[in-house]
Amino acid sequence: MLFRSNVYKKIKIGYVSSDFVYHAVSNFILPIIENHDKELFELYLFTELNHEDVKRTITGNVRIINIQNVSTLECSQLIYNLGIDILIDLNGYTDKNRLDIFSKNPAPIQVNYLGYPNTLGLSCIKYRITDHISDHKDSTQIFSEELLRMPKSFLLFKSVLQKKPFEPKIKNNSDEIILGSLNKEFKISENTLNMWRTILEKTNNTKILIKLNNIDNIEYGKRLFMEKLNITEDRLLIFGYCTNTEYINLLQKIDILLDTIPYSGTTTTCNALYNSTPVVTMYHKDYHVHNVTSSLLINTGFPELVTYSENEYIEKTIQLCNNLQQINTYKQTIGVKFSELMNPKNFMISYEGILIDLYREHYENKSLEITENKITNKENI
């Protein structure tokens, strides 16, 4: 153990988010809160959500504080008075964020994590938690924050939709291969559509399933994708907004999940890997949003599903479509490996180690500053 509470006081961690419940981020922050070492850390959740909803979702020794309609100054003063050591933003520039609070620097250490796939560009938030694959050491992407890289995936996933994964269906030689896209349609770029079109043109045994989140008119969506992909209606399975149960049922139909480029999936990818569904993606060392699926696949142990060009993405998918044995192997192995990656004990050792190092560095530097000031003042006497 790097740190003992009987030597130092507990480190006070504050998480600020509107996404503790009813949001994709819940899949990643709830297991962290659940597995935090409460002997070392004292947890505070600052949220815009209904207080009772959060209390029903989060159990254990955690203090939940509702900051809905509370002013910037009042929130900042509250956080300062509580003595929060590390304040972590989980929203970024998304709906209901409270970055205004961070602008007042109520905590000595302020961190960007999880909810926003880019830099915040704010001098008040000095750190960002990521990993070595999502943000390559030689990336040219500019961050205002110092990047703190986890040794493996920066994500800890626990499904809020399923208590256990579904049983994968083994494919027979006569079965069609269902390619799928469950990411929000704004992620489906023209380049992505062109790659999918080529894949469909070069495979006779495939259909593609696409879920729409924002297009209300399913018939319009069907005509649009038939034209973009140059396919007939019988090769397109298209669905609109659905319940959680319906979403899982759609995922069960998919044999190969096609990642979107350049904006990769996160929760969608985790849902697929949790249910042992192979995902084909493409890596680009200079863009975080491009690489989250790559990080998940490589750290799970399936680097061969990560491609590095559009041609390779197309060729890898076609190769899989023509290899039922490999698809069936993935359906029997990916879920097990993914669960190993998402072992909370291993993840929390690294994650809490980063927080402890930040705390130690800050207070050791602070102590050094005080000592140096005393020496300077003594010399001036």
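Predicted model only: the values in this text are computed from it and were never measured. (Residues numbered from 1 in each chain as written. Predicted model: local features only at pLDDT ≥ 70, side-chain atom pairs only at ≥ 80, totals over all residues. Heavy atoms only, no water.)

(A) Region of the structure containing the overall build of the chain. When helices and strands are counted, the chain shows 12 helices and 13 strands. Summarising its shape, the C-alpha atoms of the chain cover approximately 85 × 40 × 35 Å along the three principal directions. Out of the 381 residues belonging to the chain, those deemed buried represent 52%. Considering only contacts within the chain whose residues lie at least 6 apart along the sequence, 70% involve residues at least 24 apart. Side-chain charges in the chain split into 41 positive and 45 negative, and the spacing between the mean points of these groups amounts to 4 Å. (Helix = DSSP H or I, 4+ residues; strand = E, 2+ residues; numbered from the N terminus. Buried < 20%, exposed > 50% of the residue type's maximum accessible area, 1.4 Å probe, protein only. Contact = heavy atoms within 4.5 Å. Lys, Arg positive; Asp, Glu negative; His and termini not counted. Charge placed at Lys NZ, Arg CZ, Asp CG, Glu CD.)

(B) Summary view of the packing of helix α5 (residues 190–201) against helix α10 (residues 310–321). In contact at an axis separation of 9 Å, α5 and α10 are set at 40° when each is read in the N-to-C sense. Classified by the interaxial angle, the pair formed by α5 and α10 is oblique. In the crossing of α5 with α10, the sense of the turn from one axis to the other is right-handed. In contact with Asn191, Met195, Trp196, Thr198 and Ile199 of α5, α10 contributes Glu310, Tyr313, Ile314, Thr317 and Ile318. Of the residues belonging to the contact of α5 with α10, the class tally is six nonpolar, three polar and one charged. (Axes fitted to C-alpha atoms, helices over the stretch in contact; angles between N-to-C directions. Parallel < 35°, antiparallel > 145°, perpendicular 65-115°, else oblique. Left-handed = near helix turned anticlockwise from the far one by under 90°. Nonpolar A, V, L, I, M, F, W, Y, C, P; charged D, E, K, R; others polar.)

(C) Quick peek at the sheet that holds strand β9 (residues 206–211). If you walk across this open sheet you meet the six strands as β10-β9-β8-β11-β12-β13, and the pairing is parallel. Looking along the sheet, the strands with just one partner apiece sit at the ends: β10 (236–239) and β13 (306–307). Note that strand β8 (residues 177–181) and β9 share five bridges and pair parallel. Bridge pairing in β9 links Leu179 to Ile208. With respect to the sheet, helix α7 (residues 244–253) is in contact with β8, β9 and β10, its orientation differing from that of β9 by roughly 160°. (Pairing = 2+ DSSP bridges.)

(D) A look at the pattern of salt bridges. By the definition in use, this model includes 13 salt bridges. Ionic pairing is found between Lys331 and Asp255, a salt bridge with its closest N-O pair at 2.7 Å. Of this pair, Lys331 sits in helix α11 (residues 324–341) while Asp255 sits in the loop between α7 and β11 (256–258), placing them 76 residues apart in sequence. Taking relative accessible area as the criterion, Asp255 reaches 2% and is therefore assigned buried. Bridged by salt links that share partners, the residues Glu48, Arg98 and Asp100 form one connected network. (Salt bridge = Lys/Arg side-chain N within 4 Å of Asp/Glu carboxyl O.)

(E) Quick look at the packing of aromatic side chains. Taken as a whole, this structure holds 11 aromatic pairs when the rule is applied. Between the aromatic rings of Phe302 and Tyr330, the centroid separation amounts to 5.7 Å while the plane-to-plane angle is 75°, which identifies the pairing as edge-to-face. With Phe302 in the loop between α9 (288–300) and β13 and Tyr330 in helix α11, this pair connects stretches of sequence that are 28 residues apart. Take Phe302: its relative accessible area is 8%, and that puts it in the buried class. Accessibility expressed as a relative area gives 4% for Tyr330, which makes it buried. Here Tyr359 and Tyr363 contribute two aromatic rings whose centre-to-centre distance is 4.6 Å and whose plane-to-plane angle is 50°, an arrangement assigned as tilted. Of the two residues, Tyr359 and Tyr363 are both situated in helix α12 (residues 344–380); the distance of four residues between them amounts to about one turn of the helix. Take Tyr363: its relative accessible area is 26%, and that puts it in the partly exposed class. Each member of the aromatic cluster is reached from another via a ring pair, and the members are Phe28, Phe157, Tyr274 and Phe338. Positioned over the ring face of Tyr263 is Lys187, at 4.2 Å from the centre of the ring. (Phe/Tyr/Trp six-rings, centres within 6.5 Å; stacked < 30°, edge-to-face > 60°. Lys NZ or Arg CZ within 6 Å of the ring centre and 35° of its normal.)

(F) Representation of helix α6 (residues 218–229) within the structure. Along its 12 residues, α6 runs 16 Å from first to last C-alpha, staying within 8% of the 16 Å computed at 1.5 Å per residue. Taken residue by residue, α6 has Gly221, Lys222, Phe225 and Leu229 as its buried positions. Along the axis of α6, the buried residues cluster in a sector spanning 100°; they form a single face. Among the exposed residues of α6, those oriented more than 90 degrees off its buried face are Arg223 and Glu227. Where α6 ends, the next residue or the one after it, Asn230, has phi of about 55°, a positive value. (Expected span 1.5 Å × (residues − 1). Arc of directions from axis to C-beta.)

Honestly, it's all geometry; don't read function into it.
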